[in-house]
Amino acid sequence: MEKKILTYKDIDASILKGLPNPTGEAYEIKIKIPEFTFLGVKEQPDFADVFLTFYPKNKIIELKSLKQYVYHLRNITVSYERLINVFYDHLMEVYEPERVRVVMVFNPRGGISSKLTIDSDWKVRGGNEKFSDWKSNLEDQWSVTL
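Residues numbered from 1 in each chain as written. Predicted model: local features only at pLDDT ≥ 70, side-chain atom pairs only at ≥ 80, totals over all residues. Heavy atoms only, no water.

Draft legend 1. The arrangement of the pairing of strand β5 (residues 99–109) in detail. Extensive coverage of β5 is indicated by the burial of 8 of its 11 residues. Where strand β3 (residues 45–55) meets β5, 8 bridges bridge the pair, whose relative direction is antiparallel. What sits directly across from Leu52, in β5, is Val102. From the end of β5 to the start of strand β6 (residues 112–119), which pair antiparallel, there are 2 residues, and Gly110 there has a positive phi angle of about 65°. (Buried < 20%, exposed > 50% of the residue type's maximum accessible area, 1.4 Å probe, protein only. Helix = DSSP H or I, 4+ residues; strand = E, 2+ residues; numbered from the N terminus. Pairing = 2+ DSSP bridges.)

Right under this line is the structure:
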């Protein structure tokens, strides 16, 4: 029997659930996912730290469903670049936030590490560049242990 390879098309956004935002006031939620795993394009495990910066509107992220979504990704075969875009699109679709920033810092593979970022504030992603804190790159320090 041939094993079915799950790809980015099999990532299920319906796993993500929202909770009502308890306030109409502005605030920032930061979430770190330190044990993010998935299968790279050669079906070998890849690992990353994921950092979410989330400015809610009507919904906040139910952390239990985020954990289930992340666990679901462990059997998905996908490239870094496709994965961050699907992850971002699902967050935008489910939560419709004021802003979301996704940063994925991937562990070294073949001696090379990568960091990928998407921010909904970017004009090229449909944003209005009203926050613009990303322009200063003050938080853009990252390290990887080889």
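On we go.
Draft legend 2. Spatial organisation of the packing of aromatic side chains. Summed over the entire model, instances satisfying the criterion amount to 8 aromatic pairs. Ring centres of Phe38 and Phe106 lie 5.9 Å apart, and the angle between their planes is 80°; on these two criteria the pair is classed as edge-to-face. With a gap of 68 residues between them, Phe38 in strand β2 (residues 29–39) and Phe106 in strand β5 connect regions that are remote in the sequence. With a relative accessible area of 1%, Phe38 lands in the buried category. You can call Phe106 buried: its relative accessible area is 0%. Aromatic rings pair up to connect Phe36, Phe38, Tyr69, Tyr80, Phe87 and Phe106 into one cluster. Between Arg82 and the ring centre of Tyr8, over which it is positioned, the NZ or CZ distance is 4.0 Å. The ring of Tyr55 has Arg99 sitting right over it, with the charged end atom 5.2 Å from the ring centre. (Phe/Tyr/Trp six-rings, centres within 6.5 Å; stacked < 30°, edge-to-face > 60°. Lys NZ or Arg CZ within 6 Å of the ring centre and 35° of its normal.)

Draft legend 3. Unusual backbone geometry, seen in detail. Phi angles above zero are rare outside glycine, and Glu96 is one such case at about 45°. The topology assignment puts Glu96 in the loop between α2 (80–95) and β5. On the basis of relative accessible area, Glu96 is assigned to the partly exposed category, the value being 49%. With a phi close to 55°, Glu129 is a non-glycine residue in the positive phi region. Tracing the backbone shows Glu129 in the segment after β6.

Draft legend 4. Summary view of helix α1 (residues 63–72). Buried within α1 are the following residues: Ser65, Leu66, Tyr69 and Val70. The buried residues of α1 occupy an angular sector of 140° when the element is viewed end-on, so they sit on one face. What points out from α1, more than 90 degrees from its buried face, is the exposed set Lys64, Lys67 and Tyr71. Looking at the buried residues of α1, the elements they touch are β2, β3, β4 (59–61) and α2. (Arc of directions from axis to C-beta. Contact = heavy atoms within 4.5 Å.)

Draft legend 5. Geometry of α2. Taking 1.5 Å per residue as the helical rise, α2 with its 16 residues ought to reach 22 Å, and the 22 Å between its terminal C-alpha atoms agrees with that figure. Here α2 has its buried residues at Tyr80, Leu83, Ile84, Val86, Phe87, Tyr88, His90, Leu91, Val94 and Tyr95. Glu96 occupies a position one or two residues after α2 and carries a positive phi of about 45°. (Expected span 1.5 Å × (residues − 1).)

Draft legend 6. Broad picture of the sheet that holds β5. One open sheet holds the 4 strands; their spatial order is β2-β3-β5-β6, and the pairing between them is antiparallel. In this open sheet, the two strands that pair with only one neighbour each are β2 and β6. Each strand of the sheet is rotated relative to its neighbour by a mean of 15°, with strand direction disregarded. Relative to β6, β5 is paired through 7 bridges, and the arrangement is antiparallel. (Axes fitted to C-alpha atoms, helices over the stretch in contact; angles between N-to-C directions.)

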